[in-house]
2 protein chains.
Amino acid sequence: MADEAPFQFLHYEVIQYIYKSAENGETENGRNIAKLENLGFRVGQGLMERLTKDTARFKDELDIMKFVCKDFWTCVFKKQIDNLRTNHQGIYVLQDNKFRLLSQLSAGKQYLEHAPKYLAFTCGLVRGALSNLGVKSIVTAEVSIMPACKFQIMIQKM
Amino acid sequence: MADEAPFQFLHYEVIQYIYKSAENGETENGRNIAKLENLGFRVGQGLMERLTKDTARFKDELDIMKFVCKDFWTCVFKKQIDNLRTNHQGIYVLQDNKFRLLSQLSAGKQYLEHAPKYLAFTCGLVRGALSNLGVKSIVTAEVSIMPACKFQIMIQKM
């Protein structure tokens, strides 16, 4: 548990920091979300660069997704994605039944409205990770019951 | 190595973020350093709270310092402090011969002037950790040859 704690706490404080500094000027929630997403993007790019330093070339898109679900997720969240689905047409859904960055919030529906700000960084993280492998994507997140969470990845064909 | 990578990358991007957002307004370096220090303080408080949840009460100040050098440092940086010294009058010097948050910078003296922004967060981290245990302190850092680094803690008697 203590293993990923520094990362979790830093992630939490970065959210607080960005929302607090926005109080003195910008008020738009969307802008803070975009900042967090962007921060995640850059972290994801860097991390993927390091993680794939010595790995073999990926066979295809699905092979990349499996790497994200296993190696990449384990590196950041110390667990694998619980379920990966795809329509084989460029849409992937990654389900994490116990998403670590939501575990500080109470389970259930009470704080559901606050979920987006705890997910924006990770959406960017996944987008950045894929981008580093040359895969352009749009990543969104969805929570129905905390701390379970689904990330949907739409591959942008170039 | 990959274990603390998410934390390292996030730390690095937070520095970039704070310095970049400052370009559009405030220009003072000291203010950015203070922001990073403050962010570290809050992370340190939270982490220490969690780490000491099940530990026995500390005997004295030195006992606390040893905990910071071993358990706390290992939790964040995956290694212990290499050397702890004290004058037994409230000053402690913690030396890390291979400080992880400087490892992205080249060794040697070339980038020495940039070191403070990579150390501010950790100074706050230590101050926050001690504060959580009721020890008020001033923490400064000093680098002579990267990536070795010394943190000086001055206990504020109350």
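All values reported here derive from a predicted model rather than from experimental measurement. (Residues numbered from 1 in each chain as written. Chains lettered and ligands numbered in written order. Predicted model: local features only at pLDDT ≥ 70, side-chain atom pairs only at ≥ 80, totals over all residues. Heavy atoms only, no water.)

Colleague: Tell me about the overall build of chain A, residues and numbers included.
Modeller: The number of helices and strands found in chain A is four helices and four strands. Listed by position from the N terminus, the elements making up chain A come as α-α-α-β-β-α-β-β. For chain A, the C-alpha radius of gyration of 15 Å lies close to 15 Å, the compact-globule estimate for 158 residues. Taken over 158 residues, chain A has a buried fraction of 45%. Approximately 8,000 Å² of chain A is accessible, and the part contributed by carbon and sulfur atoms is 48%. Distance from the positive charge centre (21 side chains) to the negative charge centre (17 side chains) of chain A: 2 Å. (Helix = DSSP H or I, 4+ residues; strand = E, 2+ residues; numbered from the N terminus. Rg over C-alpha atoms; globule rule 2.2 N^0.38 Å. Buried < 20%, exposed > 50% of the residue type's maximum accessible area, 1.4 Å probe, protein only. Areas by Shrake-Rupley, 256 points an atom, 1.4 Å probe, with all protein chains shown as cover. Lys, Arg positive; Asp, Glu negative; His and termini not counted. Charge placed at Lys NZ, Arg CZ, Asp CG, Glu CD.)

Colleague: So what about helix 4 (residues 115-132) of chain A? Which residues, and what values?
Modeller: Residues and elements named next belong to chain A. Helix length check: helix 4, at 18 residues, gives a terminal C-alpha distance of 27 Å against a target of 26 Å (1.5 Å per residue), a fit within 8%. The element helix 4 is largely enclosed, with a buried count of 14 among its 18 residues. G134 sits one or two positions beyond helix 4 and adopts a positive phi of about 80°. (Expected span 1.5 Å × (residues − 1).)

Colleague: Residue-level account of the pattern of salt bridges, with values.
Modeller: For the coordinates displayed, the defined rule picks out twelve salt bridges over all chains. Across the salt bridge formed by E37 of chain B and R127 of chain B, the nearest N and O atoms sit 2.9 Å from each other. One end of the pair, E37 of chain B, is in helix 2 (residues 29-51); the other, R127 of chain B, is in helix 4 (residues 115-132), and 90 residues separate them in sequence. Where K79 of chain B meets D82 of chain B, a salt bridge forms, and the shortest distance between an N and an O atom there is 2.9 Å. Residue K79 of chain B is classed as buried on the basis of its relative accessible area, which comes to 14%. For D82 of chain B, a relative accessible area of 41% corresponds to the partly exposed category. Within the structure, one salt-bridge network assembled from shared partners comprises K79, D82 and D96 of chain A. (Salt bridge = Lys/Arg side-chain N within 4 Å of Asp/Glu carboxyl O.)

Colleague: An account of the pairing of strand 3 (residues 137-142) of chain B is needed here, citing residue identities and associated values.
Modeller: Residues and elements named next belong to chain B. For strand 3 and strand 4 (residues 149-155), the ladder comprises six bridges, and the chain directions are antiparallel. Following the sheet pairing, S137 is matched in strand 4 by I155. Connecting strand 3 to the antiparallel partner strand 4 that follows it, the hairpin turn spans six residues. (Pairing = 2+ DSSP bridges.)

Such coordinate-based values are descriptive only and should not be taken to indicate function.
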